[in-house]
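# A structural walkthrough
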Amino acid sequence: MENGKWTGKNIPDLTGKVIVITGGNSGLGFESVKAFAQKGAEVILASRSMENGENAKSKIGETKGKIVVMQLDLSSFESIKKFADDFKGKYTKIDVLLNNAGIMMTPYFTTKDGLEAQNGVNHFGHFALTGQLFELIKNTPNSRIVNVSSLAHKQGKVDFDNLLFKNGKDYSPTKSYGRSKLSNLLFTYELQRRMETAGVDAKAVSAHPGVSDTNLARYLEKKFLFKILKVLLNPFFQSAEMGALPQIRAAVDENVKGGEFYGPDGFREMKGHPVKVKSNEASHNFADAKKLWELSEKITGVTFLSDF
């Protein structure tokens, strides 16, 4: 490591590895696809738009590894199942599943299956995808699942009486986003516990990018207040390339342990190089994690590691 800092130069050779990245066509996902492919991995760039995915692949250009674009819409359980079935028809293993895609601070709307969109995409879509790919993950020695959370998890609260803001009740963009990012962590820690109990040779890890300059905030950019805040906070923003390093480290650093959380090492974890960080107390609530898991199985119709 350079001066004790973990950088892209610390990514090991990934030749022979198969890595799936959701939302790989832009932002943190794009930077992760590029970094892994340059180190020799076969990277499946999962994108809602095949055109955007192919454009991203062209932009990256020639790499030591290989980039394969596949269509995946995390707001549709039908699309998730099709992706998983197509993937299992072509591959027999997954070394890393990087659940990176997400939407942020959107107005209230619902997924194709009627779920509030931020929680539907950011948590339930990835839960369904992980479950349907789990047999391949389980059968790949030393595999990993990385769920991308956010500093916003600290503002998140789970309310099982109205988890999905039915009909927009009590909805706010920030409240929903924080809940979805807290759910990412509850899912990660519960997944790690269940895999350990079942003796599965895999790790569940989470990461957050700090405050990174990506298109994730596209729903806010036309708002006057956001424009002012972006100017004021600009010194705390970091590039998407730097913002991707925590999830990249979580995915490939051989020293990473299951159940860990990675983020930037700078002031209030807003920017910097990736280190192990701590999530809030709510994210470690065993009862909430178990209840969220059971509810996720019920909502998605996808069951795995259910005997614990």
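What comes next is a walk through the structure. The shown structure was predicted, so the numbers you read here are calculated from the model rather than taken from an experiment.

Tallying secondary structure elements over the protein chain gives nine helices and eight strands in all. Scaling as 2.2 N^0.38, a compact globule of 308 residues should have a C-alpha radius of gyration of about 19 Å, and the protein chain matches this with 18 Å. Here the C-alpha coordinates of the protein chain stretch approximately 50 × 50 × 40 Å along the principal axes. Among the 308 residues that make up the protein chain, the fraction classed as buried is 56%. Taking contacts inside the protein chain between residues at least 6 apart in sequence as the whole, the part at least 24 apart equals 75%.

Turning next to the nonpolar core. Nonpolar side chains tend toward joint burial in soluble globular proteins. With 46 residues, the main nonpolar core has Phe-83, Phe-87 and Leu-191 as its most contacted residues. With 10 residues, the single largest contributor to this core is helix α4 (residues 117–138). Listed in part, the 32 residues of the second largest apolar core include Val-33, Val-69, Val-96 and Ile-248.

Looking now at the pairing of strand β7 (residues 261–264). The pairing of strand β6 (residues 202–207) with β7 spans two bridges and is classified as parallel. Each residue of the ladder has a partner; that of Ser-206, found in β7, is Phe-261. In terms of strand pairing, β7 meets strand β8 (residues 274–276) through three bridges, oriented antiparallel. Paired with Tyr-262 across the strands is Lys-276, a residue of β8.

With that settled, the discussion passes to the packing of helix α5 (residues 173–198) against helix α9 (residues 286–300). Between α5 and α9, the shortest axis-to-axis distance is 9 Å and the interhelical angle comes to 90°. For the element pair α5 / α9, the angle class is roughly perpendicular. Contact residues: Ser-183, Leu-186, Phe-187, Glu-190, Leu-191, Arg-193 and Arg-194 in α5; Phe-286, Asp-288, Ala-289, Lys-290, Leu-292 and Trp-293 in α9. Residue classes in the contact of α5 with α9 are distributed as seven nonpolar, one polar and five charged.

The next thing to look at is the sheet that holds strand β5 (residues 143–148). Where strands meet in a sheet, backbone hydrogen bonds hold them as pairs that are either parallel or antiparallel. Spatially, β3-β2-β1-β4-β5-β6-β7-β8 is the arrangement adopted by the eight strands of the open sheet, whose pairing is mixed. Of all the strands in the sheet, the pair left with one neighbour each is β3 (66–71) and β8. Across the sheet, the axes of successive neighbouring strands diverge by a mean angle of 20°, strand direction being ignored. Across the sheet, helix α1 (residues 27–38) touches β1 (18–22), β2 (42–47), β3 and β4 (96–99), and the angle it forms with β1 is around 170°. α4 rests against β1, β4, β5 and β6 of the sheet, and its axis sits at about 180° to β4.

Further remarks concern helix α8 (residues 245–252). The element α8 is extensively covered by neighbouring structure, given that eight of its eight residues are classed as buried. Among the residues of α8, Leu-245, Pro-246, Gln-247, Ile-248, Arg-249, Ala-250, Ala-251 and Val-252 are the ones counted as buried.

This part is about unusual backbone geometry. Even without a glycine there, the phi angle at Met-105 is positive, about 55°. Position of Met-105 among the secondary structure elements: in the loop between β4 and α4. Located in the positive-phi region is Phe-165, a residue other than glycine, with phi close to 50°. Position of Phe-165 relative to the elements: it lies in the loop between β5 and α5.

This brings us to the packing of aromatic side chains. One pass over the full model with this rule turns up 10 aromatic pairs. For the pair Phe-127 and Phe-187, a centre-to-centre distance of 5.2 Å together with 50° between the ring planes defines the contact as tilted. Here the residue Phe-127 occupies a position in helix α4, and Phe-187 occupies one in helix α5, the gap between them amounting to 60 residues. The residues Phe-127 and Phe-187 share a single accessibility class, namely buried. On the numbers, 5.3 Å between centres and 50° between planes, the contact of Phe-127 with Phe-304 is tilted. Of this pair, Phe-127 sits in helix α4 while Phe-304 sits in the segment after α9; the two residues are 177 residues apart in sequence, bridging distant segments of the chain. With respect to class, Phe-127 is no different from Phe-304; both count as buried. Members of the aromatic cluster, connected to one another through ring pairs, are Phe-127, Phe-134, Phe-187, Trp-293 and Phe-304. In this structure, Arg-193 is placed above the aromatic ring of Phe-286, and the distance from its NZ or CZ to the ring centre is 4.2 Å.

Take empty space enclosed by the protein next. Per the stated rule, a full pass over the model turns up one cavity of 30 Å³ or more. Put simply, the largest cavity is a space of about 40 Å³. As for the largest cavity, its lining consists of Asn-99, Ala-101, Asn-122, His-126, Asn-147, Val-148, Lys-181 and Asn-184. Going through the elements one at a time, α4, β5 and α5 are the ones with two or more residues in the lining of the largest cavity. Per-class residue counts for the lining of the largest cavity are two nonpolar, five polar and one charged.

About the cut-offs
Residues numbered from 1 in each chain as written. Predicted model: local features only at pLDDT ≥ 70, side-chain atom pairs only at ≥ 80, totals over all residues. Heavy atoms only, no water. Helix = DSSP H or I, 4+ residues; strand = E, 2+ residues; numbered from the N terminus. Rg over C-alpha atoms; globule rule 2.2 N^0.38 Å. Buried < 20%, exposed > 50% of the residue type's maximum accessible area, 1.4 Å probe, protein only. Contact = heavy atoms within 4.5 Å. Core = buried A, V, L, I, M, F, W, Y, C linked by side-chain atoms within 4.5 Å. Pairing = 2+ DSSP bridges. Axes fitted to C-alpha atoms, helices over the stretch in contact; angles between N-to-C directions. Parallel < 35°, antiparallel > 145°, perpendicular 65-115°, else oblique. Nonpolar A, V, L, I, M, F, W, Y, C, P; charged D, E, K, R; others polar. Phe/Tyr/Trp six-rings, centres within 6.5 Å; stacked < 30°, edge-to-face > 60°. Lys NZ or Arg CZ within 6 Å of the ring centre and 35° of its normal. 1 Å grid on protein atoms, 1.4 Å probe; cavity = no way out; pocket = protein on both sides within 12 Å on 5 of 7 lines; lining within 4 Å. Points joined across faces, edges and corners; volume = space filled by probe spheres on them.

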